[in-house]
Amino acid sequence: MTGLQFGDSPLDLSPSTAGDRDGLFWALRVFIYVSIILSVFNAAALRDWSDQLKVNQATEPVINVVHAWYKIIDDNHLMNPMKMARTGWAEVKASCLEKDLSRLLKSAEKNEASK
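Residues numbered from 1 in each chain as written. Predicted model: local features only at pLDDT ≥ 70, side-chain atom pairs only at ≥ 80, totals over all residues. Heavy atoms only, no water.

Let's shift gears to the overall build of the protein chain. Helix and strand content of the protein chain: five helices and zero strands. When its helices and strands are written in sequence order, the protein chain yields α-α-α-α-α. Counting only residues that meet the buried cut, the protein chain has 12% of its 115 residues in that class. Pairs at least 24 residues apart make up 33% of the contacts formed inside the protein chain by residues separated by at least 6 positions. Put simply, the protein chain shows about 9,300 Å² of open surface, and 64% of that area lies on carbon and sulfur atoms. (Helix = DSSP H or I, 4+ residues; strand = E, 2+ residues; numbered from the N terminus. Buried < 20%, exposed > 50% of the residue type's maximum accessible area, 1.4 Å probe, protein only. Contact = heavy atoms within 4.5 Å. Areas by Shrake-Rupley, 256 points an atom, 1.4 Å probe, with all protein chains shown as cover.)

We now examine the side chain of Ser-50. Relative to the helices and strands, Ser-50 is located in helix H3 (residues 43–51). For Ser-50, a relative accessible area of 1% corresponds to the buried category.

The next point concerns the packing of aromatic side chains. In total, this model carries zero aromatic pairs according to the counting rule given. The ring of Tyr-70 has Arg-47 lying over it, and the distance from NZ or CZ to the ring centre is 4.1 Å. (Phe/Tyr/Trp six-rings, centres within 6.5 Å; stacked < 30°, edge-to-face > 60°. Lys NZ or Arg CZ within 6 Å of the ring centre and 35° of its normal.)

Looking now at helix H4 (residues 60–75). The terminal C-alpha atoms of H4, which comprises 16 residues, lie 22 Å apart, in line with the 22 Å expected from a rise of 1.5 Å per residue. Among all positions in H4, only Ile-63, Val-66, Tyr-70 and Ile-73 are buried. Seen from one end, H4 has its buried residues packed into an arc of 95°, which puts them on one side. (Expected span 1.5 Å × (residues − 1). Arc of directions from axis to C-beta.)

To continue, consider the environment of Val-62. If you trace the backbone, Val-62 turns up in helix H4. Residue class for Val-62 comes out partly exposed when judged on its relative accessible area of 34%. Sequence separation of Val-62 and Ser-50 is 12 residues, and the distance between their C-alpha atoms is 7.4 Å. Apart from residues lying up to four places away in sequence, Val-62 is in contact with Trp-49 and Leu-53.

What follows is about the pattern of salt bridges. Evaluated as defined, the whole model comprises four salt bridges. A salt bridge links Arg-86 to Asp-48; the nearest nitrogen and oxygen atoms lie 3.9 Å apart. One end of the pair, Arg-86, is in helix H5 (residues 80–114); the other, Asp-48, is in helix H3, with 38 residues separating them in the sequence. Residue class for Arg-86 comes out partly exposed when judged on its relative accessible area of 44%. With its nearest N and O atoms 2.8 Å apart, the salt bridge here joins Asp-75 to Lys-71. In this pair, Asp-75 and Lys-71 both sit in helix H4, four residues apart, roughly one turn of the helix. It is possible to trace a salt-bridge network through shared partners that takes in Arg-47, Asp-48 and Arg-86. (Salt bridge = Lys/Arg side-chain N within 4 Å of Asp/Glu carboxyl O.)

Rendered as structure tokens:
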């Protein structure tokens, strides 16, 4: 079995040139890389998911590992971009909510004044 060069996809090869190249190995390699990337940059989602699990003998070790992993990632400041994005999104939502509420209040005041 000959493997594909890094970055090559069996989907990009014509059937005649693909030959004995293993697409399953390529897919497995992509899955592993993506899993590693997501475990690093999506540690908050893993933590949130683990917090929703009912604590029992089977889930307690998983919850502990996920929380320890999140702490490692956070201690190395890899969560900072996500924290900034969440803070910014919360500010945008609050700003939009303030505008909507002020429009509703003005509309209500106009209705009261016209009565």
